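Working through the structure, step by step
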Amino acid sequence: MTSRQLTRPALGLLTVLFGYFTLPMAMTGTSVALPEIGRDLDASGAALQWVVTGYVLAASSVMLVAGSLGDLFGRRAVYAAGVGLYTAGTLASAAGQSILVLDIARTVAGVGAAAVMTVGVTILATMYEGAARARVFALVGTIAGVGIAIGPTLSGALVGMFGWRASFLAFGLAGTLILLLTRLIPESRAEARPKVDRPGVVSFVAGLALLMFGLTRGAGAGWGGLSVLGPLTAGAVLLVVFVAVERHSDHPVLDLSLIRDRLFSGWLFAAMSIVLGSTGVLVFLPTYLQGTGGLTAGDAGLLMLLMTVPVFALPTVGGLLVARGLPARYLAVAALLLSAVGNVSLALTLAPDAGPARLALPLLLIGAGSGLGLGQIDAQALGSVAAERMGMASGLLSTGRSVAGTLVLTGFGAALTTLVESGTGDRARADLVVTGRGAEIAGEFTSAWQSLLGGVGVALLLAAVLAGRLLRPRTDDAEPEPGRKQEREREPEPAEVSG
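Residues numbered from 1 in each chain as written. Predicted model: local features only at pLDDT ≥ 70, side-chain atom pairs only at ≥ 80, totals over all residues. Heavy atoms only, no water.

**Section: the overall build of the chain**
Across its full length, the chain carries 19 helices and zero strands. Sorting the 499 residues of the chain into buried and exposed places 54% on the buried side. Taking contacts inside the chain between residues at least 6 apart in sequence as the whole, the part at least 24 apart equals 83%. In the structure as shown, the chain presents an accessible area of about 20,000 Å², 66% of it carried by carbon and sulfur atoms. (Helix = DSSP H or I, 4+ residues; strand = E, 2+ residues; numbered from the N terminus. Buried < 20%, exposed > 50% of the residue type's maximum accessible area, 1.4 Å probe, protein only. Contact = heavy atoms within 4.5 Å. Areas by Shrake-Rupley, 256 points an atom, 1.4 Å probe, with all protein chains shown as cover.)

Laid out in structure tokens, this is it:
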């Protein structure tokens, strides 16, 4: 075996890990910059929130397709194309002179991010097996956790010293470096070259995009208008068409039997539920701390370390617990319960003058819930499906998580705005407050936060119960055949890949 064969998988692993470090950091860091972006570009409400929501919406719409395209055209090729789009969109964001240009650029970056985050998982799943794969996915969770953890702090520092454009420029330059390194990733694709399910691709991407767009429009335009009901109706119809197409296709972009698999659906549900517990706080709390608490962007980023540091530290802990025999389903349920308690306790302690001492425990609990689930859920979900469907399963897992994130972002922002408006009777002022520009009605804003966090906590408790039921072992997995246990415990070598 040559040194190139020995080193190339390791270099490819490092390249993919760098992507999982950079993109989560860019996503969480953007929320800290929103107040300054709003002031600089004179934007508020839905247009300003689209800087975050548009990115997540675009990623949600493309993730499932990206996984299948990687199986078809080559995972490295699709990964590199995704990095290129992400980098172009991020650099264009740094140069944007209007909120419209910035929103479009962020949407393009989201499309690229979908390929990077989805196909990266599949690349690693094909490079490693068994215990080695579990360790690599734990490492992915740790690296992504580091990015999530330092994203608000780094962006806050860049915004404070050089302005909001500097944060996009830094992440764009990091994307350029990843693009140069993609040639180190070994190429792989599905053994049997599948056909392109064009009707399925078009109906899914268009249907999901229209549905998510309608939901994001509803908060600002009202739910009864044609500009909202039209996209919602069209999106729902196209998703029904998508299901019909997939049921009769001999080469579906989504094998619906994946969803009918109780165990895989359980991991998918757990992944989506954990997003509910963390996304709203991660994106909107820095704005509350700046607009109501009077903190600078840098200080708000530092305070968010209380939530993000556990996301960095605990994926490895979760991997070690599973390796030592803890059933992974217990880890998922514990993650949801921790997040539920964290949201409820944050509702009880949040106030304009609340400092790190009062916010520490709630934020640590929410971060712990996210950290325990990060990495292990992906490893368990992909380990429950056949190798030839890993790209599809990875895409569905990433899509479900991103759809949940989009719904949380849309619903959280809309709920905050509605609750503040009900307390003040002024829609325009509510929009300004939710985007960090209205400290004079801090009481109404705080009450809205407390009501919403309490509701999230209750929803997470129910999700923990349901996830525990869905993740019960299959009957045929309860007692492995003789020899299977030893086979699972044997540490396999990295799987061979082409290229």
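There is more to say, and it comes next.
**Re the packing of aromatic side chains**
The final tally for this structure, using the stated rule, is five aromatic pairs. Ring-pair connections join several aromatic residues into one group, and the members of that group are Phe-284, Tyr-288, Phe-412 and Trp-449. (Phe/Tyr/Trp six-rings, centres within 6.5 Å; stacked < 30°, edge-to-face > 60°.)

**Brief notes about unusual backbone geometry**
You will see that Asp-42, though not glycine, has its phi angle at about 55°, which is positive. Inspection of the secondary structure assignment puts Asp-42 in the loop between α1 (3–41) and α2 (45–73). The class of Asp-42 is exposed, set by a relative accessible area of 63%.

**Quick look at helix α3 (residues 75–95)**
Between its terminal C-alpha atoms α3 stretches 31 Å, which fits the 30 Å expected from 21 residues at 1.5 Å a residue. Within the span of α3, buried status applies to Arg-75, Val-78, Tyr-79, Ala-80, Gly-82, Val-83, Tyr-86, Thr-87, Gly-89, Thr-90, Ser-93 and Ala-94. (Expected span 1.5 Å × (residues − 1).)

**Thoughts on helix α6 (residues 164–181)**
Between its terminal C-alpha atoms α6 stretches 27 Å, which fits the 26 Å expected from 18 residues at 1.5 Å a residue. Turning to α6, its buried residues number three or more, namely Trp-164, Ala-166, Ser-167, Phe-168, Phe-171, Gly-172, Ala-174, Gly-175 and Ile-178.

**Quick look at the pattern of salt bridges**
Going through the model one piece at a time under the given rule, you end up with two salt bridges. Here Arg-165 and Asp-40 are joined by a salt bridge, their closest N and O atoms 3.8 Å apart. Here Asp-40 lies in helix α1 and Arg-165 lies in helix α6, a separation of 125 residues in the sequence. Relative accessible area serves as the criterion here: at 24%, Arg-165 is assigned to the partly exposed category. Of the charged contacts in the structure, one is a salt bridge between Asp-353 and Arg-358, with a shortest N-O distance of 3.6 Å. The partly exposed category is assigned to Arg-358, whose relative accessible area is 41%. (Salt bridge = Lys/Arg side-chain N within 4 Å of Asp/Glu carboxyl O.)

**A short note on the packing of α3 against α6**
Where α3 meets α6, the axes come as close as 8 Å, and the angle between the chain directions of the two elements is 160°. Classified by the angle their axes make, α3 and α6 are roughly antiparallel. The element α3 and its partner α6 pack so that their crossing is left-handed. Along the contact surface, α3 presents Tyr-79, Ala-80, Val-83, Gly-84, Tyr-86, Thr-87, Thr-90, Leu-91, Ser-93, Ala-94 and Ala-95, while α6 presents Trp-164, Arg-165, Phe-168, Leu-169, Phe-171, Gly-172, Leu-173, Gly-175, Thr-176, Ile-178 and Leu-179. For the contact of α3 with α6, the residue count by class is 14 nonpolar, seven polar and one charged. (Axes fitted to C-alpha atoms, helices over the stretch in contact; angles between N-to-C directions. Parallel < 35°, antiparallel > 145°, perpendicular 65-115°, else oblique. Left-handed = near helix turned anticlockwise from the far one by under 90°. Nonpolar A, V, L, I, M, F, W, Y, C, P; charged D, E, K, R; others polar.)

**Considerations on the confidence of the model for the chain**
When pLDDT is averaged across the chain, the result is 78; 83% of the residues are at 70 or more. Note on residues 1–6: pLDDT under 50 across the span, and three contacts to partners over four residues away in sequence or across chains. Residue range residues 478–499 is modelled with pLDDT below 50. Its contacts to residues more than four positions away, or to other chains, number 25 contacts. (pLDDT = per-residue confidence, 0-100.)

**A short note on the environment of Ala-114**
You can see Ala-114 is positioned in helix α4 (residues 99–127). The exposure class of Ala-114 is buried, given its relative accessible area of 0%. Taking C-alpha positions, Ala-114 is 8.5 Å from Leu-64, a pair spaced 50 residues apart along the chain. Dropping the residues within four chain positions of it, Ala-114 is found in contact with Ala-59, Val-62, Met-63 and Ala-66.

**Digging into the environment of Val-245**
Along the chain, Val-245 falls in helix α8 (residues 226–248). With 48 residues separating them along the chain, Val-245 and Asp-197 place their C-alpha atoms 9.1 Å apart. Discounting chain neighbours no more than four positions away, the residues touching Val-245 are Asp-197, Pro-199 and Gly-200.

**Section: the environment of Thr-233**
Within the secondary structure layout, Thr-233 lies in helix α8. Classification of Thr-233 as partly exposed rests on a relative accessible area of 48%. Residues Thr-233 and Gly-207, 26 residues apart in the sequence, show an inter-C-alpha distance of 9.3 Å.

**Considerations on the nonpolar core**
By size, the foremost hydrophobic cluster in this structure holds 121 residues, and its most contacted members are Ile-37, Tyr-79, Val-281, Leu-285 and Trp-449. Per-element tally for this core: the top contributor is helix α10 (residues 262–291), with 14 residues. Apart from residues lying up to four places away in sequence, Trp-449 is in contact with Gly-280, Val-281, Phe-284, Leu-285, Tyr-288, Leu-350, Phe-412 and Leu-416. (Core = buried A, V, L, I, M, F, W, Y, C linked by side-chain atoms within 4.5 Å.)

**Some remarks on the side chain of Ser-167**
Here Ser-167 is to be found in helix α6. Overall, the relative accessible area of 4% leaves Ser-167 in the buried class. Excluding residues within four positions of it along the chain, Ser-167 makes contact with Ser-155, Leu-158 and Val-159.

**With respect to a nonpolar patch on the surface**
Together, Leu-85, Leu-100, Ile-104 and Val-108 make up a nonpolar patch on the protein surface, roughly 340 Å² of accessible area in all. Mapping Val-108 onto the fold places it in helix α4. Take Val-108: its relative accessible area is 33%, and that puts it in the partly exposed class. (Patch = residues over 30% accessible without salt bridge, like charges linked within 9 Å, V, L, I, M, F, W, Y side chains within 5 Å.)

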